[in-house]
Amino acid sequence: MIRMLLWDVDGTILDFLAAEKVAIRKCFDIFGLGECTDEMLAEYSDINLRHWKMLERQEITKDELLVARFREFFGNHEIICENLKAFNDEYQFRLGDTIVFHENAFETIRSLKGKYVQCAVTNGTKVAQDRKLKASGLQELFDYAFISEEVGAEKPSVKFFDAVTERTGISMSEAMIIGDSLTSDMQGGNNADIVTCWYNPEGNSVPADMRIDYDIRDFGEIAAILE
């Protein structure tokens with residue numbers, strides 16, 4: 001029986017790429033770095049994703065990730081930024097400027113309020129996630145928000161989910177995680193023995209070596225799953 005829903009934020013509830021695009025270009029303006037083209041944005045997104053996967057594998061720390069991705073990106077384009085940490089700090093803040101929900105995400109969470117314990121579970125930075133949760137109205141809908149910086153562990157580590165159980169008092173055997181990331185959300189569900197619901201709007205193939213309990217295209221499917 002499912003009592004608790006664990007919701008990933010970026011890429012699942014919210015369109016992270018939309019926020020990323022606005023934030024990067026705003027930071028380029030603030031720091032006087034010139035134009036950031038669509039091609040450059042696509043390149044940065046690939047670099048950023050690769051670094052987050054390195055974090056999930058515990059190959060780098062969060063602090064290293066936050067500057068290393070920009071060091072590589074700027075280096076590729078011979079862009080001189082004298083203070084990468086300051087650029088990243090501004091970027092984290094600006095990520096909270098743009099809120100774009102994936103279709104039916106907000107309505108689904110709102111409809112389930114009071115019926116299930118609902119939690120945000122995110123590896124994003126505290127600065128960015130606090131602003132997003134407040135600006136989006138999700139702060140009022142979620143019972144808890146678990147941000148990796150505060151938890152002291154990153155998804156897919158079991159330690160992250162142990163912290164959720166400790167605070168909520170609800171076992172992971174009574175939870176379902178909903179997320180878009182195979183390596184973070186679904187692998188985390190596998191590691192911690194949580195029911196997994198993969199938000200897969202593009203209909204990508206389910207990996208043969210991973211347990212995916214539910215494979216959904218739209219959040220409207222979640223109500224039927226829970227019934």
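Whatever comes next refers back to the structure up there.
What you see is a predicted model; the values in this text were computed from it and never measured.

Participant: Looking at this structure, I do not really get the pairing of strand β4 (residues 175-179). What am I missing?
Facilitator: The side chains of a regular strand alternate, residue by residue, between the two faces of the sheet. Among the 5 residues of β4, 5 are classified as buried, and the element is accordingly described as predominantly covered. Judged by which residues are buried, β4 turns out to be covered on both faces: Ala-175, Ile-177 and Gly-179 on one side and Met-176 and Ile-178 on the other are all buried. Where strand β1 (residues 4-7) lies against β4, 4 bridges are found, and the strand directions are parallel. Across the sheet, the residue bridging to Met-4 is Ala-175, located in β4. Tracing the backbone out of β4, into helix α10 (residues 182-191) and back to the parallel element strand β5 (residues 195-199) gives a crossover that is right-handed.

Participant: What should I look at first to understand the pattern of salt bridges in this one?
Facilitator: Pairing between side chains of opposite charge can happen when the charged atoms of each approach one another. Applying the stated criterion across every chain, the model contains 16 salt bridges. Of the charged contacts in the structure, one is a salt bridge between Glu-174 and Arg-3, with a shortest N-O distance of 3.3 Å. Separated by 171 residues along the polypeptide, Glu-174 in the loop between α9 (158-168) and β4 and Arg-3 in the segment before β1 bring together distant segments of the chain. According to the relative accessible area criterion, Glu-174 is partly exposed, its value standing at 25%.

Participant: How should the sheet that holds β4 be read in this particular structure?
Facilitator: By way of backbone hydrogen bonds, the strands of a sheet pair with one another, either parallel or antiparallel. In spatial order, the strands read β3-β2-β1-β4-β5-β6; together these 6 strands make up an open sheet with parallel pairing. Looking at the sheet topology across the chains shown, the edges are occupied by β3 (144-147) and β6 (214-216). The sheet shows a mean angle of 20 degrees between the axes of neighbouring strands, taken without regard to direction. Taken together, the 4 bridges between β4 and β5 define a ladder with parallel strand orientation. Residue pairing across strands places Ile-178 opposite Cys-197, the latter belonging to β5. Docked against the sheet, helix α5 (residues 105-112) engages β1 and β2 (117-122), running at close to 155 degrees with respect to β1. Lying on the sheet, α10 is in contact with β4 and β5; it crosses β5 at an angle near 160 degrees.

Participant: Sorry if this is basic, but what is going on with the state of the cysteines here?
Facilitator: Simply put, disulfide is the name for a covalent bond between the sulfur atoms of two cysteines. Taken as a whole and assessed by the stated rule, the structure comprises 0 disulfides. Distance from the sulfur of Cys-27, which forms no disulfide, to the nearest cysteine sulfur (Cys-81) is 9.3 Å. By relative accessible area, which is 0% here, Cys-27 ends up buried. Note on Cys-36: no disulfide assigned, nearest cysteine sulfur contributed by Cys-27 at a separation of 10 Å.

Participant: Hey, could you run me through the environment of Gln-118 in this one?
Facilitator: The residue Gln-118 is located in strand β2 in this model. Take Gln-118: its relative accessible area is 0%, and that puts it in the buried class. Between the alpha carbons of Gln-118 and Glu-78 there is a distance of 45 Å; along the sequence they are 40 residues apart. When near neighbours in sequence (up to four residues on either side) are disregarded, Gln-118 contacts Leu-5, Trp-7, Ile-109, Leu-112, Lys-113, Leu-141, Phe-142, Asp-143 and Tyr-144. Polar contacts involving the side chain of Gln-118 include one to the side chain of Trp-7, which spans 3.0 Å. At 3.0 Å, the side chain of Gln-118 and the backbone oxygen of Ile-109 are in polar contact.

What counts as what
Residues numbered from 1 in each chain as written. Predicted model: local features only at pLDDT ≥ 70, side-chain atom pairs only at ≥ 80, totals over all residues. Heavy atoms only, no water. Buried < 20%, exposed > 50% of the residue type's maximum accessible area, 1.4 Å probe, protein only. Helix = DSSP H or I, 4+ residues; strand = E, 2+ residues; numbered from the N terminus. Pairing = 2+ DSSP bridges. Right-handed = clockwise from strand over helix to strand, strands pointing away. Salt bridge = Lys/Arg side-chain N within 4 Å of Asp/Glu carboxyl O. Axes fitted to C-alpha atoms, helices over the stretch in contact; angles between N-to-C directions. Contact = heavy atoms within 4.5 Å. Disulfide = S-S within 2.5 Å. Polar contact = N/O pair within 3.5 Å; in protein donor to acceptor, adjacent residues only side chain to side chain.

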